[in-house]
Amino acid sequence: MPADTDQPAAQKHDPRAKPTKPERIPTEAEMIDAAERQSGFLVLRKVAPYLWPSDMPWVKRRVVWALLALLVSKLVIVATPFFYRDAVDALAGEGTPMLALGAVGLTVAYGMARLMGVGFQQLRDAVFARVGQRALRMLALETFQHIHKLSMRYHITRKTGGLSRIIERGVKGVDFLLRFLLFSIGPLILELILVGIILAVLFDIWYLAVVAVTIAVYVWFTFAVTEWRVRLRRQMNDSDTDANQKAIDSLLNYETVKYFGAEGREAARYDAAMADYEDAAIKTNHSLAFLNFGQALIITAGLVGVMVMAAMGVQSGELSVGDFVMVNSYMIQLTVPLNFLGTVYREIRQALVDMGQMFGLLEQPAEIADKPNAPDLKVSGGHVALENVRFAYDTDREILKGISLEAQPGETVAIVGSTGSGKSTIGRLLFRFYDVAGGALKIDGQDIREVTQQSLHLAIGVVPQDTVLFNDTIGYNIAYGRDGATQEEVQDAARAAQIHDFIMSLPQGYDTTVGERGLKLSGGEKQRVGIARTLLKDPPILLLDEATSALDSETEHEIQDALRRAGQGRTVITIAHRLSTIAEADRIVVLEKGEIVEQGSHEVLLANGGRYAQLWQRQQAEED
């Protein structure tokens, strides 16, 4: 065994040496809390530019005016008890500097001061409202845009319900942070300082000492209990996210649930998740009751202590009755914001956690990104070439093993093969959902990794196996193919896709809603809408990804006619399972285990008696 050189030999071998105390390993909760506090500072740094943007001076002006209104409101609020004190002294017949105003005048001044304090607070909120809403809007838009930039690999591994909840809570967290961190914690600290100075100067240093100790104990207790409550709240949020995800997942799979009669099973899963949420929520409510009672006990002890000191001062003649009332007023004035300290602190902690998750989402790198100053794709004919393309979803399992094939301008090339051979992967690589691991994929001699994704996507029209529609009208879904398309263009595309007559037979025509994911339409109707949408896009390259495999034979035949029309004058790449649908293709490429085993026309491949002929004969036998 090699010698340990980290310690002297005497320390290692001396039997009299005391065993060193093992270093304490932090618990998981402590590590999470430490990470959240660290991320909290990072989150605050990220939010700051939205409040003080260098390119928007109007935002800076509003922030400055809001802070000035805040300062004035606190000065007025701190000065208000002076009018209260002098009004009491005037009624008691004791001399005060403002006695000339009279008891009624001082009472009116007291009311005006309270009104001004509230007025400046509301002015602060009104001035800052546009700043806060602008920040929320920009953050929400930035997050939304970033999610669309993330790769398909990211989206197929994320849960939509959990993702939407992260964004929702993150934006709400920013809203809370802007309102309470700036206008609750900051003003509270300022008010505590001003009141402390007044108590020390006008009364006695012991008043300040009692108030300071009370506040210190109050803050310590509040933060300690709130840290515990944050952990409980985290459990509650996790249960809430889990229940929400299960509900959304179940509703998205409504038909599957019905097919298997699994309503009870789904209800049990959802109820189990809600039971966890119920337990966490009960613990949270119990901890809140403990927090509220402890806060009341501490603040009441401090209030009584100060009031006893003031009462003794009045009895000894050192203080007036107005002074006694003013001390009480200040203590009550401090009690109100302090009562909300626990809630505000907990919500700020939670807001930082929620915002940290959202900013973490924003920091998620886009796997597929345009190169700096990438040019747009220029399609002159639509020549598609795969040059020794290699690709793997996982490093230990290669899907495409050096594929090389071409589709000439205006040519229809069909790609066939057994399940798992890599057919659909070629389509995803062409649309650049993923980047090739080796080789190159080119359109008219341009490597698609060197051009902008936007121009690439505009050049390729895709009709997938299952067309997913927006929960809107048929007209909207067809018009989605090209931004700004006219109603006449939408109808022409529908005619070309042989769905115009069906749409016109509906009571609301093109204004008919299709339901969630287009569930109100049949499979063939959805496919025709998808074809119409792609025709309206008018791309030079058309990718048909098993566009008819989910349809019955009669519907498939009708759709094939529409697809043939759609492919006229375009380069068409068809990924097919049913060989009968691609028999008329100019060239058929047969894939097996990520490699091209043969290619040629339908007649040539049948005559060769190879893999294609085997697949053809098997499908013909199944149909017979």
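Structure's up top.
Going along each chain's sequence as written, the residues are numbered from 1 onward. In keeping with the predicted nature of the model, local features appear solely for residues at pLDDT of at least 70, side-chain atom pairs appear and are counted solely at 80 or more, and the whole-chain, interface and lining totals rest on all residues. For side-chain calculations, the full set of non-hydrogen atoms in the structure is used, while hydrogens and water are omitted.

1. Description of the sheet that holds strand β4 (residues 438-443)
As a reminder of what qualifies: Note on pairing: two strands pair once DSSP finds at least 2 bridges between them. A run of H or I in DSSP counts as a helix once it spans at least four residues, and a run of E counts as a strand once it spans at least two, with each numbered from the N terminus. Whether two residues are in contact is decided by their heavy atoms, any of which lying within 4.5 Å being enough. Throughout, an axis means a line fitted to C-alpha atoms (over the contacting stretch in the case of helices), and angles, computed between N-to-C directions, take values from 0 to 180 degrees.
With antiparallel pairing, four strands are arranged side by side in an open sheet as β2-β1-β4-β5. Only two strands of the sheet have a single partner each, and these edge strands are β2 (400-407) and β5 (446-447). Of the strand pairs in this sheet, strand β1 (residues 384-391) and β2 are connected by six bridges, and their pairing is antiparallel. Bridge pairing links L386 to L405 in β2. Here helix α12 (residues 423-430) sits on the sheet in contact with β1, β2 and β4, set at roughly 115° to β1.

2. What to know about the nonpolar core
Quick reminder of the rule: Here, nonpolar core means buried Ala, Val, Leu, Ile, Met, Phe, Trp, Tyr and Cys residues that are tied together by side-chain atoms lying within 4.5 Å of each other. For every residue, the accessible area (1.4 Å probe, protein chains only) is compared with the maximum for its type, and the residue is labelled buried under 20%, exposed over 50%, or partly exposed between those bounds.
Residues V384, L386, L400, L429, I443 and I460 are the most contacted members of the largest nonpolar core, which totals 31 residues. Excluding residues within four positions of it along the chain, L400 makes contact with V389, R390, F391, S421, G422, T425, I426, L429 and G594. Of all hydrophobic cores here, the second largest spans 27 residues; its members include I478, A497, L535 and A562.

3. Brief notes about the sheet that holds strand β9 (residues 587-592)
Across the sheet, which stays open at both edges, the six strands sit in the order β6-β7-β8-β3-β9-β10 with mixed pairing between neighbours. Both edges of this open sheet fall to β6 (460-463) and β10 (595-600), since each of them pairs with a single strand only. When the angles between neighbouring strand axes are averaged without regard to direction, this sheet yields 20°. Pairing analysis gives five bridges linking strand β7 (residues 541-545) to strand β8 (residues 571-575), with the strands arranged parallel. Considered in β8, the bridge of D545 is made with I575. Helix α17 (residues 523-537) rests against β6 and β7 of the sheet, and its axis sits at about 175° to β6.

What is shown is where atoms sit, not what they do.
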